[in-house]
Amino acid sequence: MKPFTYERAPSPAQAAAAVARQPGAKFIAGGTNLLDLMKLQIEAPTHLVDVNGLALDTIEPTADGGLRIGALVRNTDLAADARVRRDYGVLSRALLAGASGQLRNKATTAGNLLQRTRCPYFYDTDQPCNKRQPGSGCSAIGGITRQHAVIGSSTACIATNPSDMAVAMRVLDASVETVRPDGQARVIPIADFHRLPGDTPHIETVLQRDELITGVTLPRPVGGTHVYRKVRDRASYAFALVSVAAIVQRDGSGRVALGGVAHKPWRVEAAEAALPQGARAVTAQLLAGAQPTHDNAFKLPLAERALGAALLQARSAA
Amino acid sequence: MESPTTPLISRRDALIVGAATAAAVSSAVPGTAAAQPAPLATTGTQMKLSLTVNGQAHALLLDTRTTLLDALREHLNLTGTKKGCDHGQCGACTVIADGRRINSCLTLAVMHDGGQVTTIEGLGTPQQMHPLQAAFVKHDGYQCGYCTPGQICSAVGVIDEVQRGIPSHVSADLNARPLLSADELRERMSGNICRCGAYTNIVDAITEVAGGRA
């Protein structure tokens, strides 16, 4: 790790101001992803602003019947919250499908949204990577690409977003709340939060560098049967090859998002009209224009079958 | 208790020292500066913190980069907690911090200023073992033993999490009280890798202890 100075922020806006003051500063919350990357010098902040002391660790009902999740609510606590389990089961399921018990006890809601890709070429500091070192090239393209994106990728980057939680947040139409150093807050719909790689894959979200996530809001519950289905190389503690977050209503209508296929949680609302016709009809639209590699073309039929299994599971549970 | 002031020299450091000149020894041993009795002036990258480990309070002056794991092992000489991968993948470094099992390699010591940590040394002693320690011995829940402190600290956390009703990936009903089945234990312990492959006996050991409490 490179040396860094450290401070604890007294308020969200002051935390943002502290990061704004120093060009090399970063926020740290759970730290489970940031410290991993700092050990490899993929991240090398010169100053850390610890936000763990901020009172952003509660889950509160909102005026319109939804839930506001504090940025610092740990993944374990979010998954176990009785209201989340009852009304937003897809979110509990997605969280519990990710990482390990130890990591979920430490990792936060905001940090989960900001976790970096697990592309092995991003992690290998001996190889070019546009995400790690802008303009250096993409080693994944033409490399071993079993885990990589099949849609929405670019000639600069074919990495995937590794989060399970974000896929559920996407299907729930969550909103991300932030604050800037001047105290100004804004609300970002989750659909707009993560970016596609384009020619700037190092810019992964629409957040400004000194913008702190303060919470995530879920709209009022939409009912239906909630399913999160994750396909991976091990039964536990592995990133998704493909995952499906689905909310299915009794009449067969619903919502679907995919994980493991793109640089962001992948949802195409227009494709959801085909849900009553089954998984094939949905994935035909959801993954239209996909450009898989030789190594990961299997993700297209896998996504269709995972969705089919999720729909079957939803029907039998309804 | 006073914090230990002379860090034990690890095998790796001993090799470094052996290869270096005597004059280079003091600078070749990590942690020496932080543990000197007369504290150095606090620079920007060193910080004072207090940590209560296994019920004993310690005052430390550490490089900000020091992980909780390295603070325990290299500065407090509590080498029961193991460093496996140092990247949160193996679970050998699992400790209980403020009541929750975590990977001590993926958190900074300064982030735990004022916190409470329990390590394997705090769970039991050879004379008075924790029920999980006794069960691991009885069921042969290890071979080389390197992952065992992490396995046992993790299992303490698992039993607590099940008692608090926290569901897992394999829980059939999110809203029902979680079971203590082998499937549940395997899923909940998946962050602890055992390269000797003692998993079956580890599950038996935890089942015996958890079954008596659930």
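Everything below is about the structure printed above this text.
Here the structure is a predicted model, which is why all the values come from computation and not from measurement. Every chain is numbered on its own, with residues counted from 1 as its sequence reads. Numbering of ligands from 1 and lettering of chains from A proceed in the order in which they are written. Two thresholds apply to this predicted model, a pLDDT of at least 70 for residue-level local features and 80 or more for giving and counting side-chain atom pairs, whereas whole-chain, interface and lining totals are computed over all residues. To get the side-chain values, take all heavy atoms of the structure and skip hydrogens and water.

Caption draft 1: Fine view of the packing of helix H5 (residues 131-139) of chain B against helix H6 (residues 148-163) of chain B. Residues and elements named next belong to chain B. Helix axes use the C-alpha atoms of the stretch in contact, all axes being lines fitted to C-alpha atoms, and the angles between their N-to-C directions lie in the range 0 to 180 degrees. Segments assigned H or I by DSSP are reported as helices when at least four residues long, segments assigned E as strands when at least two residues long, and all are numbered from the N terminus. The geometry of H5 relative to H6 is characterised by a closest axis approach of 10 Å and an angle of 125° between their N-to-C directions. Considered as vectors, H5 and H6 are oriented oblique to each other. In terms of crossing hand, the pair formed by H5 and H6 is right-handed. In this structure, H5 uses Leu 132, Gln 133 and Phe 136 to contact H6, whose residues at the interface are Thr 148, Gln 151, Ile 152, Ala 155, Val 156 and Ile 159. Each residue gets one of three labels, nonpolar for Ala, Val, Leu, Ile, Met, Phe, Trp, Tyr, Cys and Pro, charged for Asp, Glu, Lys and Arg, and polar for the others, Gly among them. Its residues placed into classes, the contact of H5 with H6 shows 6 nonpolar, 3 polar and no charged. Put simply, angles under 35 degrees are roughly parallel, angles over 145 are roughly antiparallel, angles from 65 to 115 are roughly perpendicular, and the rest are oblique. Helix crossings get a hand from a simple test, with the near helix turned counterclockwise from the far one by less than a right angle marking a left-handed crossing and a clockwise turn marking a right-handed one. In what follows, a contact means two residues having at least one pair of non-hydrogen atoms within 4.5 Å.

Caption draft 2: Quick peek at helix H1 (residues 12-21) of chain A. Residue and element names in this part refer to chain A. Here H1 has its buried residues at Ala 15, Ala 16, Ala 18 and Val 19. The buried side chains of H1 occupy one side of the element, clustering within an arc of 155° when seen end-on. Turning to H1, the residues buried within the fold contact strand E1 (5-8), strand E2 (25-28), strand E3 (47-50), strand E6 (175-179) and strand E8 (212-218). For every residue, the accessible area obtained with a 1.4 Å probe (protein chains only) is divided by the maximum for its type, and the residue is called buried under 20%, exposed over 50%, and partly exposed between those limits. This arc corresponds to the set of directions leading from the helix axis out to the C-beta atoms.

Caption draft 3: Structural view of the pairing of E2 of chain A. Residue and element names in this part refer to chain A. Two elements, E2 and E3, share 4 bridges in a ladder whose sense is parallel. Along E3, the bridge assignment pairs Ile 28 with Asp 50. The path from the first strand over the helix to the second decides the hand: if it runs clockwise while the strands point away from the viewer, the crossover is right-handed. Where the polypeptide runs from E2 across helix H2 (residues 34-39) and back to E3, its parallel neighbour, the crossover connection is right-handed. Between any two strands, at least two bridges found by DSSP are needed for them to pair.

Caption draft 4: Examining the interface of chain A and chain B more closely. Every contact between the two is made by 41 residues of chain A and, on the other side, 40 residues of chain B. Buried area between chain A and chain B, summed over both chains or domains, comes out near 3400 Å², and the portion from carbon and sulfur atoms is 54%. Two parts placed together each lose some accessible area under a 1.4 Å probe, and adding up what both lose gives the buried area. Per-residue buried area on chain A facing chain B is highest for Arg 85, Arg 93 and Gln 102 of chain A; these three make up 21% of the total on that side. The term salt bridge refers to a pairing of a side-chain nitrogen on Lys or Arg with a carboxyl oxygen on Asp or Glu at a separation within 4 Å. Across the contact surface, chain A and chain B share 3 salt bridges. The salt bridge partner of Asp 77 of chain A is Arg 100 of chain B, with a shortest N-O separation of 2.5 Å.

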